[in-house]
Amino acid sequence: MFGECHAHIIMDGKNYKAAVALHKSGVKEEVIRAHFRIWKEMGITFVRDGGDALGVSRRAKALAPEYGIDYRTPIFAIHKRGHYGGIVGHAFSDWKEYHALVVRAKEEGADFIKIMISGIMSFDCFGRLTEEGLPEHEICEMIRIVHEEGMAVMAHGNGDRPVRAAIEAGLDTLEHGNYLEQGTLDLLAGSRTIWIPTLAPVGNLLGCGRFPDEQVRRILERQMECISYAFEKGAAIGLGSDSGAYLVPHGQGLLDEYEWMKTAVGAEKEPALKKRLREAESRIKERSRRAC
């Protein structure tokens, strides 16, 4: 079984607000254990989390060995105050605060640092993000500071401009990466950045009625086209479902992600896809707690 390279143990795949609320007055260990049991039963022995603001993934890191799971976490994500990211972490207003959060995560046992550099897709309008992303120079500075602390960087990013800036700055792993242009995909393929394109949170929305299927399908097909192109160019691509996101249950979400990925590159290329995904997973494990 492949490892899950992008998960959110604080979420449940149904209602993130309700899932988060369970831990508001203290981490509920039984919820964490329930998710670990699912992964263990499905033979998933590597899980890479996206962090949270309530200490859930920190506690999960301590419990994971009981289930034979290699669990990695940034403890919490870091976002610029007033911008997307409060759901999974803490905010900074200036570089002093940012650096302090990086050091805090490191001291609390983070395996890497997660930063937020853009918003998410608007599922009601193809090509639009909830916010376009931070300025290029700020993205570069965020990555530089983390690397100087000797840590690898995981970045939540969508949109061509912020993602391109992050890759140019030496980003370790790109999460999501929707709406990339050919030039940026070429840059990605020639870089050491590993891309986790998370198809399941989009593909699994089809038919659910929450958003117009026409728009969801356009977003999904656009991302699949980018994956196919990047795959042919030799880009490092990893398998992460964003499990815990709406309609992406822990465990099953990874199976769904693999099927969407296989559709993107072509079923006839499955042997090469498996090899590429395992190579990326191995590199992700090697990079924990160190920069490129």
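Thresholds applied
Residues numbered from 1 in each chain as written. Predicted model: local features only at pLDDT ≥ 70, side-chain atom pairs only at ≥ 80, totals over all residues. Heavy atoms only, no water. Helix = DSSP H or I, 4+ residues; strand = E, 2+ residues; numbered from the N terminus. Rg over C-alpha atoms; globule rule 2.2 N^0.38 Å. Buried < 20%, exposed > 50% of the residue type's maximum accessible area, 1.4 Å probe, protein only. Contact = heavy atoms within 4.5 Å. Areas by Shrake-Rupley, 256 points an atom, 1.4 Å probe, with all protein chains shown as cover. Lys, Arg positive; Asp, Glu negative; His and termini not counted. Charge placed at Lys NZ, Arg CZ, Asp CG, Glu CD. Pairing = 2+ DSSP bridges. Axes fitted to C-alpha atoms, helices over the stretch in contact; angles between N-to-C directions. Core = buried A, V, L, I, M, F, W, Y, C linked by side-chain atoms within 4.5 Å. 1 Å grid on protein atoms, 1.4 Å probe; cavity = no way out; pocket = protein on both sides within 12 Å on 5 of 7 lines; lining within 4 Å. Points joined across faces, edges and corners; volume = space filled by probe spheres on them. Nonpolar A, V, L, I, M, F, W, Y, C, P; charged D, E, K, R; others polar.

Peer 1: How do you make sense of the overall build of the protein chain when you look at a structure like this?
Peer 2: Within the protein chain, the regular secondary structure consists of 11 helices and 10 strands. Computed over the C-alpha atoms, the radius of gyration of the protein chain is 17 Å, within 12% of the 19 Å expected from 2.2 N^0.38 for a compact globule of 292 residues. Taking the principal axes of the C-alpha coordinates as reference, the protein chain spans close to 45 × 45 × 35 Å. In the protein chain, which comprises 292 residues, the share counted as buried stands at 55%. Long-range pairs, those at least 24 residues apart, make up 70% of the contacts in the protein chain between residues at least 6 apart in sequence. For the protein chain, the accessible surface area stands at approximately 11,600 Å², while carbon and sulfur atoms represent 50% of it. Side chains of the protein chain give 39 positive and 42 negative charges; the mean places of these two sets differ by 3 Å.

Peer 1: So what exactly am I meant to see when it comes to the pairing of strand S4 (residues 77-80) here?
Peer 2: In this sheet, strand S5 (residues 89-92) lies alongside S4 in parallel orientation, the contact comprising four bridges. By the bridge assignment for S5, Ala-77 is matched with Gly-89. One ladder, built from two bridges, connects S4 with strand S6 (residues 113-116); its direction is parallel. Pairing of Ile-78 across the sheet is with Ile-115, part of S6.

Peer 1: What is the right way to read the sheet that holds strand S1 (residues 4-7) from this model?
Peer 2: Pairing between the strands of a sheet comes from backbone hydrogen bonds, and it takes one of two forms, parallel or antiparallel. Across the sheet, which stays open at both edges, the three strands sit in the order S1-S2-S3 with parallel pairing between neighbours. A single partner strand is all that each edge strand has here, and the edge strands are S1 and strand S3 (70-72). Mean inter-strand twist for the sheet, computed between neighbouring axes without regard to direction, equals 20°. Examined bridge by bridge, S1 and strand S2 (residues 46-49) share two bridges and lie parallel to one another. Bridging across to S2, Glu-4 finds its partner in Val-47. Along the sheet face, helix H11 (residues 270-287) touches S1, S2 and S3 and points at about 65° away from the line of S2.

Peer 1: Is there a simple way to explain the pairing of S6 in this structure?
Peer 2: Successive residues of a regular strand alternate their side chains across the two faces of the sheet. Of the two faces of S6, the one holding Ile-113 and Ile-115 and the one holding Lys-114 and Met-116 are both buried throughout. Note: S6 against strand S7 (residues 153-157), four bridges, orientation parallel. The residue of S7 that forms the bridge with Ile-115 is Ala-155.

Peer 1: What exactly am I supposed to notice about the nonpolar core here?
Peer 2: Proteins that are soluble and globular tend to have nonpolar side chains buried together. Ranked by internal contacts, the top residues of the largest apolar core, which has 78 residues, are Phe-36, Tyr-98, Ile-113, Ile-115, Trp-195 and Ile-237. With eight residues, the top contributor of residues to this core is helix H9 (residues 213-232). Apart from the residues lying within four places of it in its own chain, the contact partners of Ile-237 are Trp-195, Pro-197, Ile-227, Ala-230, Phe-231, Met-261, Arg-276, Leu-277 and Ala-280. If you look at the next biggest cluster of nonpolar residues, it comprises seven residues, including Cys-5, Phe-46, Ile-196 and Ile-284.

Peer 1: Which parts of the structure should I look at to understand the layout of surface pockets?
Peer 2: A water-sized probe, rolled over the atoms, reveals where empty space remains. Taken as a whole, the largest pocket encloses approximately 800 Å³ of empty space. Lining the largest pocket are 33 residues; nearest its centre among them are Tyr-84, Ile-120, Phe-123, Ala-245 and Tyr-246. Among the secondary structure elements, those contributing two or more residues to the lining of the largest pocket are helix H1 (16-21), S6 and helix H8 (200-203). When grouped by side-chain class, the residues that make up the lining of the largest pocket number 15 nonpolar, 12 polar and six charged.

Peer 1: Hey, could you run me through unusual backbone geometry in this one?
Peer 2: Peptide bonds are mostly trans, and most non-glycine residues show a negative phi. Positioned with a positive phi, Ile-75 is a non-glycine residue whose angle comes to about 70°. Tracing the sequence through the fold places Ile-75 in the loop between S3 and S4. Here Ile-75 falls in the buried class, since its relative accessible area comes to 1%. Its identity as a non-glycine residue notwithstanding, Thr-198 has a phi of 40°, on the positive side. Following the sequence through the fold, Thr-198 ends up in the loop between strand S9 (194-196) and H8. For Thr-198, a relative accessible area of 4% translates into the label buried.

Peer 1: Help me understand empty space enclosed by the protein, please; the structure alone is not making it clear to me.
Peer 2: Tallied over the full model, the rule gives two cavities of 30 Å³ or more. In this model, the largest cavity occupies a volume close to 90 Å³. Around the largest cavity sit Arg-48, Arg-72, Phe-112, Ala-152, Val-153, Met-154, Asp-172, Thr-173, Ile-284, Arg-287 and Ser-288, which together line it. Where the lining of the largest cavity is concerned, the elements lending two or more residues are S7 and H11. Reported here for the second largest cavity is a volume of approximately 40 Å³.

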